[in-house]
Amino acid sequence: MIKFKIETEYIELIKLIKATHISESGAQAKIFVEDGIVIRNGEIETRKRAKIRPGDKIEIFDEIIIVE
């Protein structure tokens, strides 16, 4: 599990995936979202720029990201 603290109101989904080093680039992060392998709070998230806020739980591959 990865705990990721943000200092702003939100972070865009693809930026979060890149910042946690799950993807090597923003382009790769976009592909992960487009392919439907990103789950946000139990539901598939298809919006690349979805606003991820503290308390959100992101699941991708075998990783779980908790945003604080």
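Residues numbered from 1 in each chain as written. Predicted model: local features only at pLDDT ≥ 70, side-chain atom pairs only at ≥ 80, totals over all residues. Heavy atoms only, no water.

Draft legend 1. Seen up close, the packing of aromatic side chains. Evaluation of the coordinates by the stated rule reveals one aromatic pair. Centre to centre, the rings of Phe 32 and Phe 61 are 5.0 Å apart; their planes meet at 90°, and the pair counts as edge-to-face. Here Phe 32 is found in helix α2 (residues 26-34), whereas its partner Phe 61 is found in the loop between β6 (57-60) and β7 (63-67), with 29 residues between them in sequence. Classification of Phe 32 by relative accessible area gives buried; the value is 11%. (Phe/Tyr/Trp six-rings, centres within 6.5 Å; stacked < 30°, edge-to-face > 60°. Helix = DSSP H or I, 4+ residues; strand = E, 2+ residues; numbered from the N terminus. Buried < 20%, exposed > 50% of the residue type's maximum accessible area, 1.4 Å probe, protein only.)

Draft legend 2. Summary view of the pairing of β7. Summarising the sheet, strand β1 (residues 2-4) and β7 pair through three bridges and their orientation is parallel. Each residue of the ladder has a partner; that of Phe 4, found in β7, is Val 67. Examined bridge by bridge, β6 and β7 share four bridges and lie antiparallel to one another. Bridging across to β7, Glu 59 finds its partner in Ile 64. Hairpin geometry of β6 and β7 is characterised by an intervening segment of two residues between the two adjacent antiparallel strands and by a positive phi of about 55° at Phe 61. (Pairing = 2+ DSSP bridges.)

Draft legend 3. Molecular detail of the side chain of Ser 23. For Ser 23, the position within the fold is in the loop between α1 (13-19) and α2. Separated by 3.0 Å, the side chain of Ser 23 and the backbone oxygen of Ser 25 make a polar contact. In this structure, Ser 23 is in contact with Ile 17, Lys 18, Gln 28, Ala 29 and Phe 32, ignoring residues within four places of it in sequence. (Polar contact = N/O pair within 3.5 Å; in protein donor to acceptor, adjacent residues only side chain to side chain. Contact = heavy atoms within 4.5 Å.)

Draft legend 4. Representation of the nonpolar core in the model. Ranked by internal contacts, the top residues of the largest apolar core, which has 18 residues, are Leu 13, Leu 16, Ile 17, Val 38, Ile 52, Ile 58 and Ile 65. For this core, the elements supplying multiple residues, two or more each, are α1, α2, β6 and β7. The element contributing the most residues to this core is α1, with four residues. Setting aside residues no more than four positions away along its own chain, Ile 65 makes contact with Ile 2, Phe 4, Leu 16, Thr 20, Ile 22, Asp 56, Lys 57 and Ile 58. (Core = buried A, V, L, I, M, F, W, Y, C linked by side-chain atoms within 4.5 Å.)

Draft legend 5. Quick look at the sheet that holds β1. On the basis of which strands lie adjacent, the open sheet formed by five strands has the order β1-β7-β6-β3-β4 and mixed pairing. The open sheet has two free edges, formed respectively by β1 and β4 (43-44), since each of these has just one partner strand. The pairing of strand β3 (residues 38-40) with β4 spans two bridges and is classified as antiparallel. The residue of β4 that forms the bridge with Ile 39 is Ile 44.

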